[in-house]
Amino acid sequence: MEVLYHSTRSKGEGIRASEAILKGLSDDGGLFVPDHIPDFDFSFDELAEWSYQETAYQVMKLFLTDFSEEELRSCIKGAYDEKFDTGVIAPLVTADEGASGTGRPSDGESVRPTDENAPFYLELFHGKTIAFKDMALSILPYLMTTAAKKNGVTNEIVILTATSGDTGKAALAGFADVEGTSIVVFYPKDGVSPIQKKQMVTEPGKNTHVIGVDGNFDDCQTGVKKIFNDREFAARMNEKGYQFSSANSINIGRLVPQIAYYVYAYAQLIKRGELKSGEKMDVVVPTGNFGNILAAYYAKEAGLPIGRLYCASNENKVLFDFFGSGTYDRKRDFVLTSSPSMDILISSNLERLIYRIAGDDPDANAAFMKSLAGEGEYTITDEMRDRLSEFTGGFASETDTADEIKRVYDETGYVIDPHTAVASFVCRKYADAGRTKTVIASTASPYKFTRSVMLAIDKDKYGEMGDFELVDELNRISGVKIPDAIESIRTAPVLHDTVCSVDGMRAEIEKIYEV
Ligand SMILES: *Cc1c(COP(=O)(O)O)cnc(C)c1O
């Protein structure tokens, strides 16, 4: 059955998946949602035998129904290839296995965990820019250019992106030198890790633009949304042969590929004999913009046996408070933490969940979003809260996060990054350890946040070292090979040094495209 997409804020005619991917955001400011969640039509036993690529195809074909099999398979083939440093794409390991040096057992081989109740880490950081954003952003350019072809688009597609650090580089890597596209990335100039920044400002792609913003991530995201909703500006761009689209997780083309790895994780648990087909697994997801955990929720709605969804926040714990009280309140101080990709107070994708628990009611959702924009908060109804019962919010303070990195390292030798550590802590503190097999979404390589990680492990010893010295030390203590993503930026020249104010974002685009 065809899945059509419409806005979370109005129900008009549905549009096809390829159109939703091209547009990114709906004209009314809402996010595109599927008109129904399809049911997985495969058995979980057969699933266990599939490669990552096959799993991705079987999942994506149900949501992106206007793509032909040939188109989808070709997108998947182009995305999940040698760019990933492991053939299994997303290894599932216990900390003991992860510490074996390669960051995985031996591609796909199963090893029993020493501790029955140990959680599993789903390593989503084996792509080109060593964060989980690669899982979706390595395929989005293929989906986007295929969608353009299908819809007879002749304009150049200008990808506008706000980043809290990881999306930026992953999107740059995905779209660099892709014909018919160009990309502009806005990042908070003081809100990303030194390595995240270096990765972005050294990007060599000829069609890439990277701009620091004198503000935080929410400022960048709000600024980009404003540009998207500026019809007059879009018309001027169109005259010059350009049209905007989004690589942020508000794009359905980001969300759908992310559903696949939850299905894949479940398959691995069956394959290892940890679960029988139909038994439930819990997931713990370190959350910022609510994209990753929403993908898990969609997987559950489509029939994947997921029990609880643990939403793990850092000190910007607006979601933890929301799940506890039913009130979403962004009126608070923005905290810069060691997990910058989760330093977010306006979690865009939560809107898709609000829409769903409001009974797929665009008017109710639009009223909440209006209240959020105007008063900075909204409170959902009791009925809606009942529909959230499968979610549990948790959070980790900066101390909890650092302690968790050290604890996991001391006990097992496995080194996790601060984002993963937030989830790992929440898993230990809140999850019903042992009764249900639990999968922690491991969203970044520790090499991406080397300073925070090494300081957590031994502040006295590593406090004075430079960024790349720390990289070498991390290599020494973990035995994990230094990823190419890090080696390649050691000596790379800075190619992007533009900085603008929050109000000057549009002017930067006007300069680049001469409109
Ligand atoms: C983006 C990101 C997150 C948050 O993911 P959302 O989909 O925004 O909730 C967590 N960890 C890392 C490393 C990230 O890059």
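In case you missed it, the structure is sitting above this.
### As for the overall build of the chain
So, point 1. For the chain, the count of helices and strands is 24 helices and 15 strands.
So, point 2. Here the C-alpha atoms of the chain give a radius of gyration of 21 Å, agreeing with the 24 Å that 2.2 N^0.38 yields for 515 residues.
So, point 3. Dimensions along the principal axes, computed over C-alpha positions, put the chain at roughly 60 × 50 × 45 Å.
So, point 4. Counting across all 515 residues of the chain, residues that qualify as buried make up 61%.
So, point 5. For the chain, restricting intrachain contacts to residue pairs at least 6 apart in sequence, the fraction spanning at least 24 positions comes to 76%.
So, point 6. For the chain, the accessible surface area stands at approximately 19,000 Å², while carbon and sulfur atoms represent 47% of it.

### Points about the nonpolar core
So, point 1. Within the largest apolar cluster, 114 residues are counted, with the highest numbers of intra-cluster contacts made by Tyr5 and Leu64.
So, point 2. Counting residues per element, this core draws most heavily on helix H12 (residues 252-271), at 14 residues.

### Examining the packing of aromatic side chains
Aromatic ring pairs: the centre-centre distance and the angle between the two ring planes describe each pair.
So, point 1. Throughout the structure, instances matching the rule amount to 24 aromatic pairs.
So, point 2. Plain terms: the ring middles of Phe322 and Tyr328 are 6.0 Å apart, the flat faces sit at 65° to each other, and that makes the pair edge-to-face.
So, point 3. Given a relative accessible area of 1%, Phe322 falls into the buried group.
So, point 4. Overall, the relative accessible area of 1% leaves Tyr328 in the buried class.
So, point 5. Taken together, the ring pairs connect Phe290, Tyr297, Tyr298, Phe322, Phe323, Tyr328, Phe368, Tyr378 and Phe391 into an aromatic cluster.

### As for empty space enclosed by the protein
So, point 1. The final tally for this structure, using the stated rule, is four cavities of 30 Å³ or more.
So, point 2. Of the voids in this model, the largest cavity is the one considered here, and its volume is about 240 Å³.
So, point 3. Lining of the largest cavity is provided by 25 residues; of these, Phe132, Lys133, Gly288, Asn289 and Ser341 occupy positions nearest its centre.
So, point 4. Listed by contribution, the elements that provide at least two residues to the lining of the largest cavity are helix H8 (166-175), H12 and helix H13 (291-301).
So, point 5. When its residues are assigned to classes, the lining of the largest cavity shows eight nonpolar, 14 polar and three charged.

### Let's talk about the layout of surface pockets
So, point 1. Computed from the structure, the largest pocket encloses a volume of approximately 760 Å³.
So, point 2. In this structure, the largest pocket is lined by 43 residues; those nearest its centre are Gly127, Ile130, Pro483, Asp484 and Ala485.
So, point 3. Of all the secondary structure elements, the ones that give two or more residues to the lining of the largest pocket are H8, helix H22 (467-478) and helix H23 (484-487).
So, point 4. In this structure, the second largest pocket spans a volume of roughly 450 Å³.
So, point 5. If you go around the second largest pocket, you meet 20 residues; those closest to its centre are Arg9, Lys225, Ile346, Leu372 and Ala373.
So, point 6. The element that contributes the greatest number of residues to the lining of the second largest pocket is helix H10 (residues 217-228), accounting for five residues.
So, point 7. Its residues assigned to classes, the lining of the second largest pocket comprises seven nonpolar, six polar and seven charged.

### Focus on the packing of helix H18 (residues 398-412) against helix H20 (residues 450-457)
So, point 1. Following both chains from N to C, one finds H18 and H20 inclined at 70°, their axes separated by 8 Å at the closest point. It follows that H18 is roughly perpendicular to H20 by the angle criterion. The handedness of the crossing between H18 and H20 comes out as right-handed. In this structure, H18 contributes Ala402, Ile405, Lys406 and Tyr409 to the contact, and H20 contributes Val453, Ala456 and Ile457.
So, point 2. Class assignment for the residues of the contact of H18 with H20 results in six nonpolar, no polar and one charged.

### Things to note about the site of the ligand
So, point 1. Taken together, 15 residues form the shell around the ligand, and within it Lys133, Asp166, Gly288, Asn289 and Thr443 come nearest.
So, point 2. One of the backbone N or O atoms of Gly291 is found 3.1 Å from an oxygen atom in the ligand.
So, point 3. Asn292 places a main-chain nitrogen or oxygen 2.8 Å from an oxygen atom of the ligand.
So, point 4. Burial of the ligand by the protein amounts to 98% of the accessible area it has alone, namely 380 Å².
So, point 5. For the shell around the ligand, a count of residues per class yields five nonpolar, eight polar and two charged.

### A few points about the side chain of Ser341
So, point 1. Here Ser341 is to be found in the loop between strand S11 (327-329) and helix H15 (350-357).
So, point 2. Every residue in contact with Ser341, bar those within four places of it in the chain, is listed here: Ser164, Asp166, Gln196, Gly288, His419 and Phe449.

### A short note on the sheet that holds strand S13 (residues 391-395)
So, point 1. Strands sit in the order S3-S4-S14-S9-S10-S13 across an open sheet of six strands; the sheet is mixed. Strand pairing shows two members of the sheet lacking a second neighbour, strand S3 (92-93) and S13, which therefore form its edges.
So, point 2. With four bridges connecting them, strand S9 (residues 281-286) and strand S14 (residues 437-442) associate as parallel partners. Residue pairing in the sheet places Asp282 in a bridge with Thr438 of S14.

### With respect to the sheet that holds strand S8 (residues 242-246)
So, point 1. Judged by pairing direction, the sheet is parallel, and its five strands sit side by side in the order S8-S5-S6-S7-S15 without closing on themselves. Lying at the two open borders of the sheet, with one neighbouring strand each, are S8 and strand S15 (498-501). Adjacent strand axes in the sheet meet at a mean angle of 30°, parallel and antiparallel pairs treated alike.
So, point 2. Examined bridge by bridge, strand S5 (residues 156-162) and strand S6 (residues 181-188) share six bridges and lie parallel to one another. Opposite Ala162, over in S6, you have Phe186 as the bridge partner.
So, point 3. The sheet strands contacting helix H9 (residues 194-201) are S6 and strand S7 (208-214), and the helix crosses S6 at an angle near 155°.

### A word on the state of the cysteines
What we call a disulfide is simply a covalent bond connecting the sulfur atoms of a pair of cysteines.
So, point 1. Evaluated as defined, the whole model comprises zero disulfides.
So, point 2. The cysteine Cys311 is free of any disulfide, with Cys427 supplying the nearest cysteine sulfur at 14 Å.

### As for helix H14 (residues 318-325)
So, point 1. Three or more residues of H14 are buried, namely Val318, Leu319, Phe322 and Phe323. Along H14, the residues classed as buried sweep out an arc of 130° about the axis, all on the same side.
So, point 2. Where the residues of H14 are buried, they touch strand S10 (306-313), S11, H15, strand S12 (377-379), helix H17 (382-386) and S13.
So, point 3. Within two residues after H14, Gly326 carries a phi angle of roughly 85°, on the positive side.

Reading the values: rules and limits
Residues numbered from 1 in each chain as written. Predicted model: local features only at pLDDT ≥ 70, side-chain atom pairs only at ≥ 80, totals over all residues. Heavy atoms only, no water. Helix = DSSP H or I, 4+ residues; strand = E, 2+ residues; numbered from the N terminus. Rg over C-alpha atoms; globule rule 2.2 N^0.38 Å. Buried < 20%, exposed > 50% of the residue type's maximum accessible area, 1.4 Å probe, protein only. Contact = heavy atoms within 4.5 Å. Areas by Shrake-Rupley, 256 points an atom, 1.4 Å probe, with all protein chains shown as cover. Core = buried A, V, L, I, M, F, W, Y, C linked by side-chain atoms within 4.5 Å. Phe/Tyr/Trp six-rings, centres within 6.5 Å; stacked < 30°, edge-to-face > 60°. 1 Å grid on protein atoms, 1.4 Å probe; cavity = no way out; pocket = protein on both sides within 12 Å on 5 of 7 lines; lining within 4 Å. Points joined across faces, edges and corners; volume = space filled by probe spheres on them. Nonpolar A, V, L, I, M, F, W, Y, C, P; charged D, E, K, R; others polar. Axes fitted to C-alpha atoms, helices over the stretch in contact; angles between N-to-C directions. Parallel < 35°, antiparallel > 145°, perpendicular 65-115°, else oblique. Left-handed = near helix turned anticlockwise from the far one by under 90°. Near = heavy atom within 4 Å. Polar contact = N/O pair within 3.5 Å; in protein donor to acceptor, adjacent residues only side chain to side chain. Pairing = 2+ DSSP bridges. Disulfide = S-S within 2.5 Å. Arc of directions from axis to C-beta.

Function cannot be read off these values alone, since they describe shape.
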